[in-house]
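Residue strings, one per chain:
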Number of protein chains: 2
Amino acid sequence: MTLRSIMEVKVSMTRTEEIRVAVSTVILTLRASAGGEPGLSLPLVRRTREPFADRWALPGGWLTATEAPVDASARTLAETTGLAPSYLEQLYAFGAVDRSPTRVVSIVYWALLRQDDVVAQSAAHLASGRAPENVQWFDVDQLPELAFDHAKIIEYALWRLRNKVGYSRVAHGFLPAEFTLADLREAYEAILGKSLDPANFRRQVEAGGNLLPTDRFRTGNHRPARLYRYNTDVELADRGPLGPEESSTR
Amino acid sequence: MTLRSIMEVKVSMTRTEEIRVAVSTVILTLRASAGGEPGLSLPLVRRTREPFADRWALPGGWLTATEAPVDASARTLAETTGLAPSYLEQLYAFGAVDRSPTRVVSIVYWALLRQDDVVAQSAAHLASGRAPENVQWFDVDQLPELAFDHAKIIEYALWRLRNKVGYSRVAHGFLPAEFTLADLREAYEAILGKSLDPANFRRQVEAGGNLLPTDRFRTGNHRPARLYRYNTDVELADRGPLGPEESSTR
DNA sequence: TCAAAAGTGTTGCATCTACACCCATGT
DNA sequence: ACATGGGTGTAGATGCAACACTTTTGA
């Protein structure tokens, strides 16, 4: 019997330490499609180790002892995209016994990124040559084979997004600081997968009272469209007693 | 340097095993108040050890290696109440670094119990004398001082319940198999903390199509009220791609 | 016969939906 | 001028809140 095996027996019998805690993040943004309507896309990481070596997986890593789960998620996000999220909330803790060869509980977060941030960052990465080789963006309806239960996790994240867009303002998380009502409507259409009446959409969001009209316009091929700004006094979604997000710093 | 300290250093540097995973459950039911309107109540356990010895805490325990979190929650529930839940879903994973003296991530579940089950079980416990000494039911608006961050957790659970009752059928989780519309309305009123118009309430739930009228009536002091049965073909709440509940078995 | 809860009808208001229509710009 | 998206107006449908009213029982 080796020292190592003695340690492992001791540990497993006294506490629950053979269970490891990981944090993963579903990072969503609107891809600027060339020509057609925008759609949702997310970054995946190609695994370099077993299990599931060479398969694509959600960005993430082990939770460290000195870090709150939400901070681990934000770190993950920074490491794969270099960006701060415009919205971040916990999705679910997945802990089925057989979801991994070893016992892993994954606390999964759910992040939205602004479209313009992603575009700028992608260009910067390409220019600098520091872009991580093993990270790639995928359309959510053209995903590759995924490691672990990550396909199911992404499916659940999309379900939550589509639900939440109905009773909160999370769609703003995809947009830059100033945007037209058509931009906002296209974001909703991309999330919901159906087209909305521009006239009625306008009235609904104006009635919401979360939009601040600016005196600037976006000029293009047709009549200029007024630019709006989001009222940052209100949260994108009411998270109740939890506040904006439980955090380690405080 | 002892063997124990060597082990702990080794473990902490290679993996995340100094983080332990606990499962706790907020178990809610409607208390049958003597005379007045019913209100929400939940069982708490008096702690016998440090930290927070003698303080009240949510029922729960360590997640074991061979058990899914949801099964650990159900086990917790059976141990403290002897009952199976009528509704059970994950609430949130709490993982702030300073929420406990040692590093603990708690996956918290949220359960509803039928009122009549609780009454019957409480009587049986009293008769048998096997009732756990250190378990006690509290009204949610008369809670004692709680251990850890459990007060905040309960607050969040109640917020979720009040939200969810608006767009799902979870209130049925408090009621027995057959019930009158007044029973159902009182459950909603207890959850929401406000009174509802009986006429409009009737039309709304009847339009929902989830109630099956029986040909039986409850006779009392006044005009008999028809008994209804819940249509068990539909879930109490749409949980999306996760299905009824992620489970270890299957 | 009276009180009180069960159950039905009706009215008004707010909101959503569909769609007709005018406005302002680049080409 | 005209095509196109920006933006306004409006009529019908739907849903909900308020409340009057009828029905059925126990006391």
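The rules we used
- All residue numbers here refer to positions counted from 1 along the written sequence of the relevant chain.
- The order in which chains are written sets their letters, starting at A; the order in which ligands are written sets their numbers, starting at 1.
- Local features in this predicted model are restricted to residues of pLDDT 70 or higher, and side-chain atom pairs are both shown and tallied only at a pLDDT of 80 or more, whereas totals for entire chains, interfaces and linings draw on every residue.
- Excluded from the side-chain calculation are hydrogens and water; included are all heavy atoms of the structure.
- Two strands make a pair as long as DSSP finds a minimum of two bridges between them.
- Each helix is a run of DSSP H or I of at least 4 residues and each strand a run of E of at least 2, with the numbering of both proceeding from the N terminus.
- Only protein chains enter the calculation, and the probe is 1.4 Å; a residue is then buried if its accessible area is under 20% of its type maximum, exposed if over 50%, and partly exposed in between.
- Just to be clear on terms, a salt bridge is a Lys or Arg side-chain nitrogen sitting within 4 Å of an Asp or Glu carboxyl oxygen.
- Fitted lines through C-alpha atoms give the axes, limited to the stretch in contact for helices. The angle between two N-to-C directions lies from 0 to 180 degrees.
- Any angle between 65 and 115 degrees counts as roughly perpendicular, while under 35 counts as roughly parallel, over 145 as roughly antiparallel, and the rest as oblique.
- Crossing handedness is defined as follows: a turn of the near helix away from the far one that is anticlockwise and smaller than a right angle gives a left-handed crossing, while the clockwise case is right-handed.
- Contact definition: two residues touch when any of their heavy atoms are within 4.5 Å.
- We call Asp, Glu, Lys and Arg charged. Ala, Val, Leu, Ile, Met, Phe, Trp, Tyr, Cys and Pro are nonpolar, and the rest, Gly among them, are polar.
- Residue ranges assigned to each domain were obtained from an automatic or database domain assignment.
- Throughout, buried area stands for the accessible area (probe radius 1.4 Å) lost by two parts on being put together, summed over both.
- Counting of polar contacts relies on pairs of N or O atoms within 3.5 Å, with two restrictions inside protein: one atom must be capable of donating a hydrogen and the other of accepting it, and residues adjacent in sequence are counted only when both atoms are side-chain atoms.
- Whether a residue is near a molecule or strand is decided by its heavy atoms; if any one of them lies within 4 Å of it, the residue is near.

In the annotation of an unreviewed UniProt entry, chain A is listed under the name NUDIX domain protein and assigned to Microbacterium oxydans.

Peer 1: Looking at this structure, I do not really get the sheet that holds strand β8 (residues 178-179) of chain B. What am I missing?
Peer 2: In a beta sheet, neighbouring strands pair by backbone hydrogen bonds and run either parallel or antiparallel. All names here are of chain B. With antiparallel pairing, the three strands of this open sheet are ordered in space as β8-β10-β9. Only two strands of the sheet have a single neighbouring strand rather than two, namely β8 and β9 (211-218). Here β8 pairs with strand β10 (residues 225-230) via two bridges, running antiparallel. Considered in β10, the bridge of Glu-178 is made with Arg-229.

Peer 1: Any chance you could explain the pairing of strand β6 (residues 104-112) of chain A here in plain terms?
Peer 2: The side chains of a regular strand alternate, first on one face of the sheet and then on the other. All names here are of chain A. Burial runs high along β6: nine of the nine residues are buried. The alternating pattern of β6 places Val-104, Ser-106, Val-108, Trp-110 and Leu-112 on one face and Val-105, Ile-107, Tyr-109 and Ala-111 on the opposite face, and all of these are buried. Direction of pairing for strand β1 (residues 20-31) relative to β6: parallel, over a ladder of nine bridges. When the bridges of β6 are listed, Ile-27 appears paired with Ala-111.

Peer 1: Would you explain the pattern of salt bridges in this entry?
Peer 2: This structure, assessed with the given rule, holds 26 salt bridges over all chains. A salt bridge links B:Arg229 to B:Glu178; its shortest N-O distance comes to 3.0 Å. With B:Arg229 in strand β10 and B:Glu178 in strand β8, this pair connects stretches of sequence that are 51 residues apart. With a relative accessible area of 34%, B:Arg229 lands in the partly exposed category. Members of the salt-bridge network, linked through shared partners, are A:Glu89, A:Arg160, A:Lys164 and A:Arg239.

Peer 1: What exactly am I supposed to notice about the packing of helix α4 (residues 150-167) of chain A against helix α5 (residues 181-192) of chain A here?
Peer 2: Relative orientation and spacing of two packed helices are given, respectively, by the angle between their axes and the distance between those axes. Residue and element names in this part refer to chain A. Closest axis-to-axis distance for the α4/α5 pair is 9 Å, and the angle between their directions is 140°. Judged by the inter-axis angle, α4 sits oblique to α5. Here α4 and α5 pass one another in a crossing that is left-handed. Here Leu-161, Arg-162 and Val-165 of α4 lie close against α5, whose contacting residues are Tyr-188, Ile-191 and Leu-192. Tallied by class, the residues present in the contact of α4 with α5 amount to five nonpolar, no polar and one charged.

Peer 1: What should I look at first to understand the domain arrangement of chain A in this one?
Peer 2: Many analyses report the size of an interface as the accessible area lost when the parts associate. Residue and element names in this part refer to chain A. Partitioning chain A into structural domains gives domain 1 (18-165) and domain 2 (177-234). Summarising the inter-unit geometry, the C-alpha centres of domain 1 and domain 2 are found 28 Å apart. Of the residues lining the interface, seven residues belong to domain 1; the matching set on domain 2 comes to six residues. The largest contributions to the domain 1 side of the interface with domain 2 come from Pro-38, Arg-162 and Val-165, which together make up 61% of the buried area. At the surface where domain 1 touches domain 2, the tally comes to one residue pair in polar contact (both at pLDDT 80 or more). Those elements that provide at least two residues to the side of domain 1 that touches domain 2 are β2 (39-46) and α4. Of all the elements, α4 adds the most residues to the side of domain 1 that touches domain 2, at three residues. Here the side of domain 1 that touches domain 2 is composed, by residue class, of five nonpolar, one polar and one charged.

Peer 1: Got a minute to help me understand the protein's contact with DNA strand C in this structure?
Peer 2: Taken together, 20 residues form the shell around DNA strand C, and within it A:Asn200, A:Asn221, A:Arg223, A:Pro224 and B:Arg202 come nearest. Within 4 Å of the protein, atoms of DNA strand C come from sugar and phosphate in 63% of cases. In the environment of DNA strand C, a sugar or linking oxygen lies 2.8 Å from a nitrogen or oxygen atom belonging to the backbone of A:Asn221. B:Arg203 places a polar side-chain atom, nitrogen or oxygen, 2.9 Å from a base oxygen of DNA strand C. Looking at the surface near DNA strand C, the elements with two or more residues in it are α6 (198-208) of chain A together with α6 (198-208) and β10 of chain B. With four residues, α6(A) is the largest single contributor of residues to the surface near DNA strand C. Its residues placed into classes, the surface near DNA strand C shows six nonpolar, seven polar and seven charged.

Peer 1: Help me out: how do you make sense of the protein's contact with DNA strand D in this one?
Peer 2: Close contacts around DNA strand D come from 20 residues, with A:Arg202, A:Arg203, B:Asn200, B:Asn221 and B:Arg223 the closest. In DNA strand D, the atoms that sit within 4 Å of the protein are 60% sugar and phosphate, with bases accounting for the remainder. For DNA strand D, a base oxygen lies 2.9 Å from a polar atom in the side chain of A:Arg203. Between B:Arg223 and DNA strand D, the recorded distance is 2.6 Å, taken from a side-chain N or O atom to a base oxygen. Sorting the residues of the surface near DNA strand D by element identifies α5, α6 and β10 (225-230) of chain A together with α6 of chain B as the ones contributing at least two each. Per-element tally for the surface near DNA strand D: the top contributor is α6(B), with four residues. Taken together, the residues that form the surface near DNA strand D break down as six nonpolar, six polar and eight charged.

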